[in-house]
Structures are given as structure tokens and as C-alpha cells.
Amino acid sequence: MSPTAVVTGASSGIGAATAARLAADGFSVVVGARRIERLRAVAEPIGAIALPLDVTKPDSVAAFCAQVPGCALLVNNAGGALGRDPIAESDDADWQAMYDSNVLGVLRMTRTLLPKLVASGDGHVVTIGSIAAHEPYPGGGGYNAAKFAVRAVMGVLRQELLGQPVRVTEIDPGMVETEFSVVRFGGDESQAAAVYDGMTPLSAEDVADCVAWAATRPSHVNIDQIVVLARDQAGATKVHRRS
Ligand code: NAP
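So, here is what we can say about the structure in this document.

What counts and how
The numbers attached to residues start from 1 for each chain and follow its sequence in the written order. Side-chain atom pairs in this predicted model are given and counted only at pLDDT of 80 or more, local residue features only at pLDDT of at least 70, and totals for whole chains, interfaces and linings cover all residues. Excluded from the side-chain calculation are hydrogens and water; included are all heavy atoms of the structure. What counts as a helix is a DSSP run of H or I of at least four residues, what counts as a strand is a run of E of at least two, and both are numbered from the N terminus. Atoms considered for the radius of gyration are the C-alpha atoms alone. The globule rule reads 2.2 Å times the number of residues to the power 0.38. Categorising residues by exposure relies on relative accessible area from a 1.4 Å probe, with only protein chains included: less than 20% of the type maximum marks a residue as buried, more than 50% marks it as exposed, and the intermediate range marks it as partly exposed. Only heavy atoms enter the contact rule, under which two residues are in contact if any of them lie within 4.5 Å. Note that accessible areas follow from Shrake-Rupley with a 1.4 Å probe, and for residues the cover is restricted to the protein chains shown. The convention used is that axes are lines fitted to C-alpha atoms, helices contributing only their stretch in contact, and that angles between N-to-C directions extend from 0 to 180 degrees. Small angles under 35 degrees read as roughly parallel and large ones over 145 as roughly antiparallel, with 65 to 115 read as roughly perpendicular and the rest as oblique. Handedness of a helix crossing follows the sense of rotation of the near helix relative to the far helix, less than a right angle counterclockwise being left-handed and clockwise being right-handed. Classes in brief: Ala, Val, Leu, Ile, Met, Phe, Trp, Tyr, Cys and Pro nonpolar; Asp, Glu, Lys and Arg charged; the others, Gly included, polar. Salt bridges are counted wherever a side-chain nitrogen of Lys or Arg sits within 4 Å of a carboxyl oxygen of Asp or Glu. Comment: arc refers to directions from the helix axis out to C-beta atoms. To qualify as a nonpolar core, a set must consist of buried Ala, Val, Leu, Ile, Met, Phe, Trp, Tyr and Cys residues joined through side-chain atoms within 4.5 Å. For a helix, the expected span equals 1.5 Å multiplied by the residue count minus one.

**What about the overall build of the chain?**
Within the chain one finds 8 helices and 7 strands. Taking 18 Å as the expected radius of gyration for a compact globule of 243 residues, we find that the chain reaches 17 Å, a close match to that expectation. Along the longest, intermediate and shortest principal axes, the C-alpha atoms of the chain span 50 × 40 × 35 Å. Evaluated residue by residue, the chain yields a buried proportion of 49% over its 243 residues. Taking contacts inside the chain between residues at least 6 apart in sequence as the whole, the part at least 24 apart equals 70%. With an accessible surface of roughly 11,200 Å², the chain has 55% of that area assigned to carbon and sulfur atoms.

This is the structure:
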């Protein structure tokens, strides 16, 4: 029987590409997100099961995980950034929302699925962090704080699970062209497009490739961390633009 992979935040971007790649690599895939119609459109062509999921809501996480038959791979991908305000003008609600989805979302999903990951005999938790977990940058305050926290959580988890049959991997991408910037800028498509002006960002498939590679190493090999940037990006804010 093929191992089951759960991918959170799979209605677009990295999550959707990861679900497709894992299905192609032979996993049975269960995907979750809030926009259920978009999620179904991702799931149907790849033969995945689509279930509604809001990682900020404990009841939603519990209902989702109860329907997951077994789990060998959990990809914690749901999350994102809200705003680019300097700390002096930051909005509490944005910071709380980012912490809730990026950090507590990872906690809720991992804690709930851990018994199934252990029971699989060869479990793996892969979490999508960010270059923002390594480098603070102006306007990144709330997102930096959340992704630095995710990195800490993954470091703790790796040590706490030592001796259990569960691997722990953090994948930290730089700029990836998805809906990430549209969400960050409150739906402003032109502001979002300007982020990638004159440079070639990573694609969602590039990050899915990292997830699939980490997940398909032999069981005794734990890829602790992958930091992956476009050739045109050499740091959180160091970007080469041709125009
Ligand atoms: P995206 O296209 O905006 O996708 C984000 C996904 O997360 C969507 O499927 C969204 O689905 C889901 N999501 C958001 N909040 C959720 C919640 N409360 N419960 C369940 N699902 C939720 O952006 P992306 O670039 O693929 O982002 C995926 C991950 O990569 C995020 O953790 C992000 O921080 C990280 N990342 C992105 C970049 C980048 O440059 N794009 C760089 C580094 C790291 P619904 O809205 O349907 O729920």
C-alpha cells in the first residue's frame, strides 16, 4: 500500500505543486485548505482526497485529522505573510494572524498527526519555513518573528523525536512566485507583481522538488534543513534585477 502524505495549504502555490509531485511519486495524498472549491480542483486531477482545513481553528484541525486514515508524511505548508509595515506602524491583528497560521498551525497539525506518523513506522514531518527564518529585514517584523519561531519549533521537534521513527525537515525558500505576495499586499496584484520585477524567482515546483527529494531519501537519512533561493537572490533583500 502506498504511504499517505498530508499537505496543508494545498489550494495554491507550493502546497498544490507539492501535492501533485507527491502523487506522481507514488504517495496517496490528502490535501487541506480553506478554499474548498480551489482545493478540489487541485485534488481531482491527481487523485488526492480534498478535505476542508483551517489550521488556525482547533476544531477544523481535529475534524481534518480524524479523517486521515494513516500518515507517513506531513507537509506543513499552510501559512504566509500579511503586510510589509515597519514595526513602528505594525498591526497587532496581522501579527497574531501570521503567528496563528504559520506557528500554531504547525503545532496543531504536528501534534495531532504525530501518533499516526509514529505508527507508520517511518514518519516524516516536512515544514515550509522561509529565508525570513534566517534573516530579519525591514518590513518583515511579524513574518520574521513567525518564521524564526517555526524554525525553533522544528529544531525542538527534531530533538524530541530522536529515537522515534520520524524524520524532521525544514525547507526554507527565498522568493517563490505564487499567490504569496498577492495575499501579503491585501490583493494588490500590481504591487505583488513588482516583487518579481526583472528577476527570475523560484517556482512552486522548485520547492516541491525539494520536499520530494527530502521525503524520498532512505529512511536513515534525515535532511535537517534546506535553504533554497533563486540564483537572482543572495539574501532576504539582496536581489539581482535586470531591469
Ligand atoms: P500561497 O500561494 O498564498 O499559498 C498559501 C496556501 O496556504 C494556500 O493554499 C492557502 O489556502 C493556505 N492557507 C493559508 N492560511 C491557511 C489556514 N489558516 N488554514 C489552511 N490553509 C491555509 O503561497 P505559497 O508561496 O505557496 O506559500 C506556502 C508556504 O510557503 C507558506 O508557509 C509561506 O510562508 C511559505 N513561503 C513562501 C515563499 C514565497 O515567496 N512564495 C517564500 C518562503 C516561504 P486557503 O487560503 O485556501 O486556506
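**Topic: the packing of helix H1 (residues 13-24) against helix H8 (residues 204-215)**
Relative to each other, H1 and H8 sit at 50 degrees, their axes nearing to 8 Å. One finds that H1 runs oblique with respect to H8. Note that H1 runs across H8; the crossing there is right-handed. Residues Gly 13, Ile 14, Ala 17, Thr 18, Arg 21 and Leu 22 of H1 form the contact with H8, whose own contacting residues are Ala 204, Glu 205, Val 207, Ala 208, Asp 209, Val 211 and Ala 212. Of the residues in the contact of H1 with H8, the class split is 8 nonpolar, 2 polar and 3 charged.

**Considering the pattern of salt bridges**
Tallying each qualifying case throughout the model produces 9 salt bridges. Two residues, Arg 108 and Asp 100, come together in a salt bridge whose shortest N-O distance is 3.0 Å. Linking Arg 158 and Asp 224 is a salt bridge whose minimum nitrogen-to-oxygen distance equals 3.2 Å. Of this pair, Arg 158 sits in helix H5 (residues 141-160) while Asp 224 sits in the loop between H8 and strand S7 (225-228), placing them 66 residues apart in sequence. A relative accessible area of 27% places Arg 158 in the partly exposed class. Judged by relative accessible area, Asp 224 falls into the partly exposed class, the value being 41%. Each of Arg 21, Asp 25 and Asp 209 takes part in salt bridges that share partners, so that together they form one network.

**Focus: helix H2 (residues 36-46)**
All buried positions along H2 are accounted for by Leu 39, Val 42 and Ala 43. Each buried residue of H2 lies within a common arc of 90 degrees when the element is viewed along its axis, so the set occupies one face. With respect to the buried face of H2, the exposed residues turned more than 90 degrees away are Glu 37, Ala 41, Glu 44 and Pro 45. Of the surrounding secondary structure, the elements contacted by the buried residues of H2 are H1, strand S2 (28-33) and strand S3 (49-52). Positioned one or two residues after H2, Gly 47 has a phi angle of 70 degrees, which is positive.

**Here we look at the nonpolar core**
Residues Val 7, Leu 22, Val 29, Val 31, Leu 73 and Ile 171 are the most contacted members of the largest nonpolar core, which totals 35 residues. Here this core takes 7 residues from H8, the largest share from any one element. Residues contacting Ile 171, with those up to four places away along its chain left out, are Val 126, Thr 127, Ile 128, Gly 129, Ser 130, Val 207, Cys 210, Val 211, Ile 226 and Val 228. In this structure, Leu 51, Val 55, Val 61 and Val 103 belong to the second largest nonpolar core, which totals 27 residues.

**So, H8**
In an α-helix, one full turn covers 3.6 residues, which means residues spaced three or four apart are oriented alike. In a regular helix each residue adds 1.5 Å, so 12 residues correspond to 16 Å; H8 covers 17 Å between its end C-alpha atoms and thus fits that length. Inspection of H8 places Ala 204, Val 207, Ala 208, Cys 210, Val 211, Ala 212, Ala 214 and Ala 215 among the buried residues, and these make up the whole buried set. Tucked inside the fold, the buried residues of H8 contact H1, strand S4 (73-76), strand S5 (123-128), strand S6 (166-173) and S7.

Function-wise, these values are silent; they only describe arrangement.
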